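Residue-level structural notes
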Amino acid sequence: MLEITIFTLLAGVLGAAAGYFGRKVIAEAKISSAEEAAERIVEDAKKESEARKREAILEAKEEVHKMRSDLERESRERRGELQRLEHRLMQKEENLDRRTSNLERKEEEQGKREQEITELREEIGKLENEMVKELERISGLTTEQARERLMADINEELEHEVGKLIRDAQERAKDESDKRAREIVATAIQRCAADYVTDTTVSVVSLPNDEMKGRIIGREGRNIRTFETLTGIDLIIDDTPEAVILSGFDPIRREVARVALDKLIADGRIHPARIEEMVEKAQREVDALIREEGEQASFEVGVHGLHSEIVKLVGRLKFRTSYGQNVLQHSLEVSHLASMMAAELGVDAQVAKRAGFIHDIGKAVDHEVEGTHVAIGVELARKFGENEKVIHCIAAHHGDIEPNSIEAVLVQAADAISAARPGARRETLESYIKRLEKLEGIADGFPGVDKSYAIQAGREIRIIVKPEEIDDASSLKMARNIVSSIEEQLEYPGQIKVTVIRETRAVEYAR
């Protein structure tokens, strides 16, 4: 039994050893075949890499060859360009050398010429000095004396020539401008024919009978006192049959009083309470009339977009007069004249029309506000948003400032035309005579004046000068100086013509 067991163990050990050695032989065989396969793969990879390496080297050599060819070609081109540039540079240097040599030669010639010119100038200077000395010896005058005499002769001759030229130019310009101005003004005046109504500071109210005067006066004069207190107008009751007179400098108050008195007379009930009621009613009616007149005037003249307060001020001008001329009618005419002349000249007719229409609005309140009607008008126009061009026309229409636009000049001219038209305004005899005397006095104040005469109601002054003191050229200068003095010292409507008369007579007797 033991032997069987030992035998079995030995057999197992032998079997295990045989299996081990068998597996080892098989494994070694597999390893050997794997190594051979790996060697073959490595050999193949080496051969493939060698082939690729040779291809890459060939491609690199070809690329290097190509780049070398390109560089050689570019180098050849650049060498050719450099050779051309070098050739051109050498030519320019040669030209520059030639020019430099020519310039040096010319400079030498110029230096010689300058030296010759200097010598000639010195010689000429010596000759001039000798000639001047000879001339001074012959004429008996020094150089300064001869120069002064020559300048005096030239100045005298030039004065005459300048005087003639000025006179000719002025005559031509005056003829052309007068002709054109007459055409424009005549056309404007013909197109604008306005009637004039001369107002005064009194209004006459008709009565149905003389008994009404007593009722107007009232018991112990209470009615007339109440009426005068409420209206601010003097009520004059005299021996004039069936009429009473309202007197006052404020035309609007006078109109309110007239309307109120007409209503009282028509009603017949005249007592303080009724008077107060009628005056208030008349005030409202006159205010409405003022607005209506302003709107009607602006519509008539074609000026739109005015501020409502300016429309009221324009309406108030219906009751305002200036030297007897109704200011509203005057404003309408100035507006028409200015716009027509502006249209003839091709400037802004709307600005001229608007400025002419409201140029005197300051007169509507000049008795209530301090200042001239021009300054008041400018302030009102600026306050109510008028255009600066229109404001400038208002400010310049009496020459308070210099006009800087044609429209301002046209408004100024239209204002003068409207005011200067015969019958348009009244002027007291005393002020008229004073103006003529002052006009003649200005002319008489100039040296060389013999007589002066103001004619045509002061529209022209004729001055007779002494011919032995004033020549023709000086008479022209005198006329201009007199005009300047008149413009500075006098205020006048329109224009004043100044005529200087110089007359010489040669009288002989044949015996």
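Just above, that's the structure.
In this report, we go over the structure that sits alongside the text. (Residues numbered from 1 in each chain as written. Predicted model: local features only at pLDDT ≥ 70, side-chain atom pairs only at ≥ 80, totals over all residues. Heavy atoms only, no water.)

What to know about the overall build of the chain
Counting its secondary structure elements, the chain contains 14 helices and eight strands. Expected size for 511 residues packed as a compact globule is a radius of gyration near 24 Å; at 59 Å, the chain overshoots this value by more than 25%. With the C-alpha coordinates of the chain rotated into their principal frame, the extents come out at 195 × 120 × 35 Å. Put simply, the chain has 511 residues, and 29% of those count as buried. Excluding contacts between residues fewer than 6 apart, the proportion of contacts in the chain whose partners are at least 24 apart in sequence is 61%. Across the chain, the centroid of the 79 positively charged side chains sits 4 Å from that of the 102 negatively charged ones. (Helix = DSSP H or I, 4+ residues; strand = E, 2+ residues; numbered from the N terminus. Rg over C-alpha atoms; globule rule 2.2 N^0.38 Å. Buried < 20%, exposed > 50% of the residue type's maximum accessible area, 1.4 Å probe, protein only. Contact = heavy atoms within 4.5 Å. Lys, Arg positive; Asp, Glu negative; His and termini not counted. Charge placed at Lys NZ, Arg CZ, Asp CG, Glu CD.)

Quick look at the sheet that holds strand E7 (residues 460-465)
Sheet architecture is open: three strands sit in the order E6-E7-E8, paired in mixed fashion. Looking at the sheet topology across the chains shown, the edges are occupied by strand E6 (449-455) and strand E8 (497-501). Put simply, the sheet's adjacent strands are angled 15 degrees from each other on average, direction ignored. Bridge count for E7 against E8 is five bridges, and the pairing is parallel. Residue Ile-463 lies in a different strand from E8, and its bridge partner there is Val-500. (Pairing = 2+ DSSP bridges. Axes fitted to C-alpha atoms, helices over the stretch in contact; angles between N-to-C directions.)

Here we look at unusual backbone geometry
Positive phi, close to 55 degrees, is recorded for Glu-220, a residue that is not glycine. By the element assignment, Glu-220 lies in the loop between helix H3 (211-217) and helix H4 (222-231). The exposed category is assigned to Glu-220, whose relative accessible area is 72%.

Some remarks on helix H10 (residues 373-383)
Listed as buried for H10 are His-373, Val-374, Ile-376, Gly-377, Val-378, Leu-380 and Ala-381. The inward-facing, buried residues of H10 contact helix H7 (308-316) and helix H11 (388-396).

Thoughts on empty space enclosed by the protein
A probe matching the size of a water molecule, rolled over the atoms, marks out where space remains unfilled. Under the counting rule described, the total for this entry stands at two cavities of 30 Å³ or more. Forming the walls of the largest cavity are Asp-250, Pro-251, Ile-252, Arg-316, Phe-319, Arg-320, Lys-363, Ala-364 and His-367. In this structure, the second largest cavity spans a volume of roughly 40 Å³. Lining of the second largest cavity is provided by Ile-216, Asn-223, Phe-227, Leu-235, Leu-261, Leu-264, Ile-270 and Ile-275. Breaking the lining of the second largest cavity down by element, the ones donating at least two residues are H4 and helix H5 (251-267). (1 Å grid on protein atoms, 1.4 Å probe; cavity = no way out; pocket = protein on both sides within 12 Å on 5 of 7 lines; lining within 4 Å. Points joined across faces, edges and corners; volume = space filled by probe spheres on them.)

Things to note about the packing of H10 against H11
Axis separation between H10 and H11 bottoms out at 9 Å; the angle between their running directions is 170 degrees. Here H11 runs roughly antiparallel to H10, going by the angle between their axes. Between H10, through Val-374, Gly-377, Val-378, Ala-381 and Arg-382, and H11, the contact on the second element is made entirely by Glu-388, Ile-391, Ile-394 and Ala-395. Residues of the contact of H10 with H11, tallied by class, amount to six nonpolar, one polar and two charged. (Parallel < 35°, antiparallel > 145°, perpendicular 65-115°, else oblique. Nonpolar A, V, L, I, M, F, W, Y, C, P; charged D, E, K, R; others polar.)

Overview of the pairing of E7
Here E6 runs beside E7; their pairing, made up of six bridges, is antiparallel. Its bridge partner lying in E7, Lys-451 is registered against Ile-464.

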